[in-house]
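Chain residues, written in single-letter form:
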Amino acid sequence: KKQLFSAFCILNSVNAAFLSNTQQQQQHAQLSKSFTSTPAVTTSFGLPTTFLHTPKSTSSTVVNVGKMDTSDDGPNWIEPSIPTGLGGGSVKSSSGVEEYDMGIFGESYQTGPLSQKMYDALMTAASKRFPPGQEIPSELLDVYMTYAMDMTAREATKAALDTNGLDMAEPEQSITTGEDGLWGNIANVQLIDLETGEIEEEEYTSFQEAVEKGDWEPGQTFNFVVRNVPASTKDIDISQLLSALDPEGALRAEAKDKGMTMPDEDVESLLALGNDCERRCELSPREANDESSVFSGKMGVRGYSVISRSDLLQDSMNRDGTENRATLMHTMDALVSHSCLIVDLSDGGTSYQSTMALSKMWEATSTFFTAIDENPELETSTLPSMDVAEGAGSRHAVVGYASYKDGDMRFVETRFKRGGKAVMMPAEVETILGADSIQSIAESFDAMVGVGKDVVRIATAASSMEVDAFVERKKSSSSNQPSGYMEEDEKMPFIRASEAAIRLADELIDDSNPLKAESIEALESTAVGEGSVSMSPHRLCRYSNTQQKEEVMDEVFGAHTDTTFVTLIPAASVSGLEVYDEDAAVWFRPELMARKHWEAERRERGEDPSALTETIQIAAGDDETEEVVIPWHARYLIVMPGELLQLTSRNEIPAAVHRVVAAREGQSRLSAPVLLRARTGIKMNVERYFGNLDVAGPLLMECQGIPMEDLHDAMQPSSMQKQ
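Residues numbered from 1 in each chain as written. Predicted model: local features only at pLDDT ≥ 70, side-chain atom pairs only at ≥ 80, totals over all residues. Heavy atoms only, no water.

1. Examining the pattern of salt bridges
Scanning the entire structure with this criterion turns up 34 salt bridges. Salt-bridge contacts for Arg-635 lead to Glu-614; the nearest nitrogen and oxygen are separated by 3.8 Å. One end of the pair, Arg-635, is in the loop between strand E21 (625-631) and strand E22 (636-641); the other, Glu-614, is in strand E20 (residues 613-619), and 21 residues separate them in sequence. Taken together, the shared-partner salt bridges in this structure form one network comprising Asp-344, Glu-601, Arg-605, Glu-614 and Arg-635. (Salt bridge = Lys/Arg side-chain N within 4 Å of Asp/Glu carboxyl O. Helix = DSSP H or I, 4+ residues; strand = E, 2+ residues; numbered from the N terminus.)

And the structure:
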């Protein structure tokens, strides 16, 4: 048992090492030969008659391959699997995975030389598991040989699928057989005689049988039939598609002249970034669906799952100062693949300080628009129209009230004065709401901004770690070592990346607080001063849809991206925010996912999942408590990446394309987003925030020394640039 367990460990470690090795991946690419789909006429032993073929050559050399005729390369075949008892037709799973039966001609996919490499790798690993001088038990040799054949067959099958535009799916329960965890079922095996190169007479029903009978040895070519291989259609390679559509490169050259980036190209300039965002907005679908049919995410999938607020805190980082890997992976998966991260501010109903702040903010927002409805003169004579805030120091810092589409979209742009968050502009909002409500809005602003800064920190640090931006390279001083570079501590680059990301979040993001004294001292040569008003607005909105004559969904705020680090949107009671999901390629409504999270949590607790509120107890004096009712949605915050995060993540995280939709005669949707923008008074210092300049790339290097105000302007698309 001990020896078999040791063998099992070796097999797993070698399999992982083999599949992750770049050189072996190149070997896999070389194995991708022409693989044709031809009708299979089976013989009495189950093999297609076209499979009985003597190859021209038995050379064990892996050659560079391209498209080859079947007549020169062996009669490989593929066809959909047919479940037992069915008259015909293939079966496809709900996930789009279909199963195939395949015949693999060994010479076509070099199963001989590949099996030798597999076996040698297994034996190298095995030799390290046994004491020096001790031979590997013979019963384990059969295990290693069987596994070498299986690994070889799997790689050959992957290569064959690839040439047919298919990807092998992760092993799961077979659609047709119901068996678990198999990449396929080996039905027949033929061996090629090492001396004559001809197919040997005996056939086998498994690799194990061929090995146990002593008929196969590593390096010997073999043919096989495998059934029920799970596979799905490959994603279209955008580079190949563009090359086919534009073989001469004329369209690509024209796009470059106009400052546009093709879908398969990296964004290498601020203008190209702006144009890329505009292009993605224009390509997004215009039709809209109601709640019953719109995409609402996938429960239990990490990128869609709700993350707890406390997981994002600096206090939740590892003790050595590096980012928590689980949090980092969750955050990046959500932002990169799905364009938003959903945060539970209450940590699963255990901490309500931030949730209560948002609850009071929602009350204030509702009060504001109710007051306008009841007294229209507030809209026409009291509230100022949009204008640059006094003392802002930037033409982008506007405040005021606006109404569009005959009142279907109304909002007031508010900002807090720096260093005094309870002082809001325009002052007329306080006239309508009162000081207590302004204080509630300020507290919700703080809660949301804290989340935003943590998300930017994590995303920026992750992107820097990805390119080894903080590896301290220094020449070796030892004459006994080869010239080059050495790293003093493997963790230090990650620690530096997190430290730099914290600096970026504190110094570049405008949280309406004055810049810290230590930052002012460090940035003395790059600071250019900043205004007395925050650049990050807290916008109170109401969306309606009264213009449509029929019950249809309609865009009330069309597809766009934001020039922000992140846009923070508290989940609303009426869903309507839609984010274009880059992975699913559909509009995703995250507020519905937040609702699903709420309902699942209440079911788990044995509570009513249809409830719209929850009642909590809060301290109200010495040994006294009082009940507070909180709406369900006040627990959730949606974080969307903006164009500035696309920049600081080195183009890893695309700015979220998003919109707002509403249904006719439906309940109006209130919204209260915070657009987390940059301080105008700081010049970009690439080395301070992003590490080694040699890996910064042209996009970041263009920003070096540019004031954040000018950087904001430079990121606008060509259609918005000043002529």
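Okay, back to it.
2. Let's talk about the packing of aromatic side chains
Inspection of the entire model under this criterion finds 14 aromatic pairs. Judged by centre distance (6.5 Å) and plane angle (50°), the rings of Trp-598 and Trp-632 are tilted. Taken together, the residues span a long stretch of sequence, with Trp-598 in helix H17 (residues 590-604) and Trp-632 in the loop between E21 and E22 at a distance of 34 residues. Classification of Trp-598 as buried rests on a relative accessible area of 1%. Given a relative accessible area of 5%, Trp-632 falls into the buried group. A connected cluster of aromatic rings, assembled from ring pairs, spans Phe-207, Trp-216, Phe-222 and Phe-224. (Phe/Tyr/Trp six-rings, centres within 6.5 Å; stacked < 30°, edge-to-face > 60°. Buried < 20%, exposed > 50% of the residue type's maximum accessible area, 1.4 Å probe, protein only.)

3. Here's the deal with helix H4 (residues 111-127)
Look at H4: 24 Å from first C-alpha to last across 17 residues, which is about the 24 Å you get at 1.5 Å a residue. Burial in H4 covers these residues: Thr-111, Gly-112, Pro-113, Leu-114, Ser-115, Met-118, Tyr-119, Leu-122, Ala-125 and Ala-126. (Expected span 1.5 Å × (residues − 1).)

4. Comments concerning the nonpolar core
The biggest cluster of nonpolar side chains holds 92 residues, and the ones touching the most others in it are Leu-341, Val-343, Phe-368, Phe-565, Met-684, Met-708 and Leu-711. If we ignore the near neighbours within four places in the chain, the residues touching Phe-368 are Leu-383, Tyr-401, Val-412, Val-429, Ile-432 and Leu-433. (Core = buried A, V, L, I, M, F, W, Y, C linked by side-chain atoms within 4.5 Å. Contact = heavy atoms within 4.5 Å.)

5. Section: unusual backbone geometry
For residues other than glycine, phi is negative in most cases, and the peptide bonds are mostly trans. Omega for the peptide link from Met-425 to Pro-426 comes to 0°, which places this bond in the cis form. For Ser-339, which is not glycine, the phi torsion reads 70° and is therefore positive. A residue is classified by how much of its surface remains accessible, and Ser-339, at 0% relative accessible area, is buried. With a phi close to 60°, Ala-585 is a non-glycine residue in the positive phi region. Of note, Ala-585 is situated in the loop between strand E18 (577-581) and strand E19 (586-588). Residue Ala-585 is classed as partly exposed on the basis of its relative accessible area, which comes to 44%.

6. Overview of the packing of helix H11 (residues 353-374) against helix H14 (residues 435-466)
Put simply, H11 and H14 touch, their axes get as near as 8 Å, and they point 135° apart. Our classification of the angle between H11 and H14 gives oblique. Of the two elements, H11 crosses H14, and the hand of that crossing is left-handed. Contacts between H11 and H14 pair Ser-354, Ala-357, Leu-358, Lys-360, Met-361 and Ala-364 from the former with Ser-437, Ser-440, Ile-441, Glu-443, Ser-444, Ala-447 and Met-448 from the latter. (Axes fitted to C-alpha atoms, helices over the stretch in contact; angles between N-to-C directions. Parallel < 35°, antiparallel > 145°, perpendicular 65-115°, else oblique. Left-handed = near helix turned anticlockwise from the far one by under 90°.)

7. Considering the side chain of Glu-591
Residue placement: Glu-591 occurs in helix H17. A distance of 3.0 Å separates a polar side-chain atom of Glu-591 from the backbone nitrogen of Ala-572. Each residue touching Glu-591, except ones within four places of it in the same chain, is listed here: Pro-570, Ala-571, Ala-572, Val-574, Ser-575, Gly-576, Leu-577, Trp-632, Ile-638 and Arg-669. (Polar contact = N/O pair within 3.5 Å; in protein donor to acceptor, adjacent residues only side chain to side chain.)

8. Some thoughts on the pairing of strand E8 (residues 341-344)
Of the two faces of E8, both are covered, the one formed by Leu-341 and Val-343 as well as the one formed by Ile-342 and Asp-344. Pairing between strand E7 (residues 307-308) and E8: 2 bridges, direction parallel. Opposite Ile-307, over in E8, you have Val-343 as the bridge partner. In this sheet, E22 lies alongside E8 in antiparallel orientation, the contact comprising 4 bridges. The partner of Leu-341 across the bridge, within E22, is Val-639. (Pairing = 2+ DSSP bridges.)

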